[in-house]
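Reading the structure
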Amino acid sequence: MTVTIYDVAREAKVSMATVSRVLNGNPNVKPETRKKVKDVIERLDYRPNAVARGLASKKTTTVGVIIPDISNLYYSSLARGLDDIAEMYNYQIIITNTDNDPDKERDAFLGLISKQVDGIVFLGGALNEETLNDIKKSHLPVVICGTSEKDENMPSVNIDYNEAIKEAASKFLDDGAEQIAFVKGSYSEQLERHIVDGLKAAYSEHDRSFDEKYILSTGADYQSGAELYETIRELEADVVITMSDDAAIGVLHKAMDHDISIPDQLQVLSCSNTRLVNMVRPQLSSIALPLYDIGAVGMRLLTKYMNEETVEEANVILPYRIEYRGTTK
């Protein structure tokens, strides 16, 4: 039988208000009363009901996290940083996985609202228009981590992809690269546009034009990258930049299966830098995103909105670095 706050109050011979003050850390409780209530809580193994407490306090101390693909190391790395900060601020997390499905994404968002979460974090992915409209209607604090959205007023945490890609592409072109192919994944159109703009800027500085036929669409998984290799070979690209490590490794392995010399004939760069980059041979070059920090800063930003604190910067840009390993010259 479930133990309730009523049971604790009865056993401790105090009011429910006193039990509530003890649970919430209110200092206006006598030390001996606090000890008596805590002893009863421990003896009865009482576990506060977050939803029930939320009905009174208007807060449930729960946060919803929506992830496009929970099996992808990129998203799990983001979630790790988020979870640590949530624990620090005594928030519980409810994680939902959407499989990059717009309908599941919207259902996940509405489902979390029905659970009365205090705020929601979207980890990566591309928010569809219906979900964006639902966010605006809900008036619920929402933060986007690891992607860029069409609404610049949406609180977010990311790196400057435009600058990062421009820097990487410029180095490839300086070193004599002929054609750079960019492999998209399941990310927002605006994020991908930032990357394409970075490529174009690098080409322009080298008095060349970037041909958009070298923008290739595929999934973010290993198999999708492997299947895309034939197209890359037909285009005669000698550099491939992918959004995900998984897709980059798929391209890499397929190229090696065709006896392509890495990095002499084909250079590969990813934009995630998960632990996978060190598990392949040659090791994968990558734009090193501070994944843990993106998740952690995103959660801290959300706590500010949930607690109505002053937010000086809604769109946080974190530093990046480029790790050149065995798949680039």
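Residues numbered from 1 in each chain as written. Predicted model: local features only at pLDDT ≥ 70, side-chain atom pairs only at ≥ 80, totals over all residues. Heavy atoms only, no water.

1. Structural notes on the nonpolar core
L123, Y161, I180, I241, I287 and M299 are the most contacted members of the largest nonpolar core, which has 75 residues in total. With eight residues, the single largest contributor to this core is helix α5 (residues 73-88). Not counting the four nearest positions on each side in its chain, I287 is found in contact with I159, A164, I165, L269, S270, C271, S272, N273, Y320, R321 and I322. One finds I120, L127, I135 and V142 within the second-largest nonpolar core, a separate group that totals 14 residues. (Core = buried A, V, L, I, M, F, W, Y, C linked by side-chain atoms within 4.5 Å. Buried < 20%, exposed > 50% of the residue type's maximum accessible area, 1.4 Å probe, protein only. Helix = DSSP H or I, 4+ residues; strand = E, 2+ residues; numbered from the N terminus. Contact = heavy atoms within 4.5 Å.)

2. Here's the deal with the pattern of salt bridges
Per the counting criterion, the structure on display carries 14 salt bridges. Its salt-bridge partner being K104, residue D99 comes within 2.7 Å of it at the nearest N-O pair. The closest approach of N and O atoms between R106 and E130, which form a salt bridge, is 3.8 Å. Linking R106 in helix α6 (residues 102-114) with E130 in helix α7 (residues 129-138), this pair joins segments that are 24 residues apart in sequence. (Salt bridge = Lys/Arg side-chain N within 4 Å of Asp/Glu carboxyl O.)

3. Some points on the environment of V277
Along the polypeptide, V277 turns up in the loop between β9 (267-270) and β10 (285-288). Counting along the chain gives 28 residues from V277 to Y305, while the straight-line C-alpha distance between them is 35 Å. With residues near it in sequence (within four places) discarded, V277 still touches D245, S270, Q283, L284, S286 and R325.

4. With respect to helix α12 (residues 291-306)
A rise of 1.5 Å per residue sets the reference length of α12, with its 16 residues, at 22 Å; its end C-alpha atoms lie 23 Å apart and thus fit the reference within 8%. Of the positions making up α12, those classed as buried are L291, I294, G295, A296, G298, M299, L301, L302, T303 and M306. Lining the buried residues of α12 we find β1 (62-67), α5, β3 (119-123), β4 (142-145) and β5 (156-158). Where α12 ends, the next residue or the one after it, E308, has phi of about 55 degrees, a positive value. (Expected span 1.5 Å × (residues − 1).)

5. Remarks on the state of the cysteines
Enumeration over the complete set of coordinates arrives at zero disulfides. Here C271 stays free of any disulfide, with the sulfur of C145 as its closest cysteine sulfur at 18 Å. Judged by relative accessible area, which is 1%, C271 ranks as buried. (Disulfide = S-S within 2.5 Å.)

6. Comments concerning the sheet that holds strand β7 (residues 215-217)
As summarised here, the arrangement of the six strands in space is β7-β6-β8-β9-β10-β12, forming an open sheet in which the pairing is mixed. Strands with a single pairing partner mark the edges of an open sheet, and in this sheet they are β7 and β12 (321-323). On average, each strand axis in the sheet is tilted by 20 degrees relative to the strand beside it, whichever way the strands run. Pairing between β9 and β10: two bridges, direction parallel. If you follow S270 over to β10, its bridge partner there is S286. (Pairing = 2+ DSSP bridges. Axes fitted to C-alpha atoms, helices over the stretch in contact; angles between N-to-C directions.)

7. A word on the confidence of the model for the protein chain
The pLDDT averaged across the protein chain works out to 89; a share of 93% of its residues lies at or above 70. Confidence, read as mean pLDDT per element, is least for helix α4 (residues 50-57) in the protein chain (52) and greatest for β9 (97). (pLDDT = per-residue confidence, 0-100.)

8. A word on unusual backbone geometry
Most of the time, phi is negative for any residue but glycine, and the peptide bond is trans. In this structure, the amide linkage connecting I262 to the following residue, P263, adopts the cis form with an omega of 5 degrees. Relative to the assigned elements, P263 resides in the loop between α11 (245-257) and β9. Note the cis peptide between R281 and P282, where omega equals -5 degrees. Within the fold, P282 resides in the loop between β9 and β10. The backbone of D45 sits at a positive phi, close to 55 degrees, despite the residue not being glycine. Examined against the element boundaries, D45 turns out to sit in the loop between α3 (31-44) and α4. Looking at D45, the relative accessible area reads 46%, which means it is partly exposed. A positive phi angle is found at D259, which is not glycine, with a value near 60 degrees.

9. As for the packing of helix α1 (residues 5-12) against α3
Where α1 meets α3, the axes come as close as 9 Å, and the angle between the chain directions of the two elements is 125 degrees. In terms of axis orientation, α1 runs oblique to α3. For α1 against α3, the interelement crossing comes out right-handed. Mapping the contact onto sequence places D7, V8, E11 and A12 in α1 and K36, V37, V40, I41, R43 and L44 in α3. Its residues assigned to classes, the contact of α1 with α3 shows six nonpolar, no polar and four charged. (Parallel < 35°, antiparallel > 145°, perpendicular 65-115°, else oblique. Left-handed = near helix turned anticlockwise from the far one by under 90°. Nonpolar A, V, L, I, M, F, W, Y, C, P; charged D, E, K, R; others polar.)

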